[in-house]
Every structure is written in C-alpha cells, then in structure tokens.
Amino acid sequence: MKEYNQILKELKELLKSKNLKYTKQREVILNTIYKNAGHHTPEDILMLIKKDYPKEKIGIATIYRTLSLFEDASLVESISFGKDGKKYEIGHRHHHDHLICIECGEIIEFVDEIIEKQQKIVSSKYNFHMIDHTMQIVGYCQTCYNKKKESKVDIW
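Residues numbered from 1 in each chain as written. Predicted model: local features only at pLDDT ≥ 70, side-chain atom pairs only at ≥ 80, totals over all residues. Heavy atoms only, no water.

Participant: Please explain the side chain of S123 as it appears in this structure.
Facilitator: Here S123 lies in helix α5 (residues 113-125). If near-sequence neighbours (up to four positions away) are discounted, S123 is found in contact with F128 and M130. (Helix = DSSP H or I, 4+ residues; strand = E, 2+ residues; numbered from the N terminus. Contact = heavy atoms within 4.5 Å.)

Listed below in structure tokens is the structure:
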C-alpha cells in the first residue's frame, strides 16, 4: 500500500486539476479511511470521524460528495450493495478479491493465484487484453450459514 503522504499528494494534485479547494474536511475523510482498514459505509466513516476528530464539523452529505470525488480519482474503491449502498476502502492497496456475506455484510478479502492465472487464460482464449478485474463471491459466511442450518431455513 502507498504511504499516506503519497496519497495526500495525489489528493492535492486532483483538487488542483479540478480547480477545487483543499480542505481540512477532505483530508480528515481521507485520513480516516486510510487509518481504519476494512470496508466502511459513509455512516461508518462519519462515526469514526466523530470519534477521532470530535471538534471537526463534517456532515454526511460532505462525506458522500467527497467519497464520490475520491472514487472517481481511484483514491478509494467501493463495493456496491445495491439498494443498501456502498462500502469503501482505501485505493492503492494490493490486489484482492472479496467474499461477501449477504446476511450480515461481512467482507472477507482473499487472493488466489489459481483464479488469477485462470483469468489470464480466459482472456487469452478470447483475444481479450485484460488490464484489471474485480471479483465478488456472494453467499453466507460460516456463522450465518450455521445459523440458517440450525433454524432449518432453506438457503438455496
């Protein structure tokens, strides 16, 4: 993962290129996402900011707008949950894929070399020049699966 100062420099360059002002609020949002590993909703980010920066006045609308700006510039990445919104993580990390529990929302990151190799094989087979990929495997984490099995709820 890139150092925070490098990502902050990229933020400043982005803002300058778009004729936008560098603000303390934007830096606080970026720093909060950087410091708190994992996948966070905008509401999660707001709660983390209130905890770490109690004197900082940042509203949820500012967070949504800033996350959109950051995502367009690849400073953050998101996972969409359809009508349930998005969860964000810092960009510029090592490549990874996701297992997503549809019951509790847990996100498990993983890297699998066989999957990575297979994507190259498939791309080559179709004369496709892959530059990146995103993989999300959706299902039930072990805890939720066990609860459903115990309650005899049909999960298929």
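Participant: Would you take a moment to explain the packing of aromatic side chains for this structure?
Facilitator: Describing an aromatic ring pair means giving the distance of the ring centres and the angle of the ring planes. Counted by the stated rule, this structure contains one aromatic pair. It is K12 that lies over the ring of Y22; its NZ or CZ is 5.0 Å from the centre. (Phe/Tyr/Trp six-rings, centres within 6.5 Å; stacked < 30°, edge-to-face > 60°. Lys NZ or Arg CZ within 6 Å of the ring centre and 35° of its normal.)

Participant: Can you help me understand the nonpolar core in this one?
Facilitator: A general tendency of soluble globular proteins is for nonpolar side chains to be buried together. Formed by 24 residues in total, the largest nonpolar core has its most connected members in L11, I29, L30, I33, I49, I63 and F70. Put simply, the parts of the chain that give this core at least two residues each are α1 (4-17), α2 (24-35), α3 (42-52), α4 (60-72) and β2 (86-90). Aside from chain neighbours lying at most four places away, what touches I49 is V28, I29, T32, P54, I58 and I63. (Core = buried A, V, L, I, M, F, W, Y, C linked by side-chain atoms within 4.5 Å. Buried < 20%, exposed > 50% of the residue type's maximum accessible area, 1.4 Å probe, protein only.)

Participant: Could you clarify how one ought to interpret a nonpolar patch on the surface in this entry?
Facilitator: Together, L99, I108 and I137 give the surface a local cluster of nonpolar side chains, amounting to about 210 Å² of exposed area. Relative to the elements of secondary structure, L99 occurs in strand β3 (residues 97-101). Its relative accessible area of 31% is what places L99 among the partly exposed residues. (Patch = residues over 30% accessible without salt bridge, like charges linked within 9 Å, V, L, I, M, F, W, Y side chains within 5 Å. Areas by Shrake-Rupley, 256 points an atom, 1.4 Å probe, with all protein chains shown as cover. Salt bridge = Lys/Arg side-chain N within 4 Å of Asp/Glu carboxyl O.)

Participant: Is there a simple way to think about unusual backbone geometry in this case?
Facilitator: For residues that are not glycine, phi is negative in most cases, and the peptide bond is trans in most cases. Within the chain, N19 stands out as a residue other than glycine whose phi angle is a positive 55 degrees. Of note in the backbone geometry, N127 takes a positive phi value of approximately 50 degrees without being a glycine. Inspection of the secondary structure puts N127 in the loop between α5 and β5 (136-139).

Participant: Help me understand the environment of D132, please; the structure alone is not making it clear to me.
Facilitator: Residue placement: D132 occurs in the loop between α5 and β5. For D132, a relative accessible area of 57% puts it in the exposed group. A sequence separation of 13 residues divides D132 from Q119, and the C-alpha atoms of the two residues are 9.9 Å apart.

Participant: Got a minute to help me understand the pairing of strand β1 (residues 76-80) in this structure?
Facilitator: Successive side chains on a regular strand alternate, one facing one side of the sheet and the next facing the other. Here β1 runs beside β2; their pairing, made up of five bridges, is antiparallel. Considered in β2, the bridge of E77 is made with E89. Hairpin geometry of β1 and β2 is characterised by an intervening segment of five residues between the two adjacent antiparallel strands and by a positive phi of about 60 degrees at G82. (Pairing = 2+ DSSP bridges.)

Participant: Sorry, what's going on with the sheet that holds β5 here?
Facilitator: Strand pairs in the sheet, formed through backbone hydrogen bonds, run parallel or antiparallel to each other. One open sheet accounts for three strands, arranged β4-β3-β5; its pairing is mixed. Lying at the two open borders of the sheet, with one neighbouring strand each, are β4 (107-110) and β5. Adjacent strand axes in the sheet meet at a mean angle of 20 degrees when their direction is disregarded. As defined by bridge partners, β3 adjoins β5 across four bridges and the pair is classed as parallel. Its bridge partner being in β5, I100 is matched across the sheet by V138. (Axes fitted to C-alpha atoms, helices over the stretch in contact; angles between N-to-C directions.)

Participant: Any chance you could explain the packing of α2 against α3 here in plain terms?
Facilitator: Helices that pack against each other are described as a pair by the angle of their axes relative to one another and the distance between those axes. Viewed as axis vectors pointing N to C, α2 and α3 meet at an angle of 100 degrees, and their least axial separation amounts to 10 Å. Comparing the axis directions of α2 and α3 gives the class roughly perpendicular. Where α2 abuts α3, its residues V28, I29, T32, I33 and K35 lie against I45, L48, I49 and D52. In terms of residue class, the contact of α2 with α3 is made up of six nonpolar, one polar and two charged. (Parallel < 35°, antiparallel > 145°, perpendicular 65-115°, else oblique. Nonpolar A, V, L, I, M, F, W, Y, C, P; charged D, E, K, R; others polar.)

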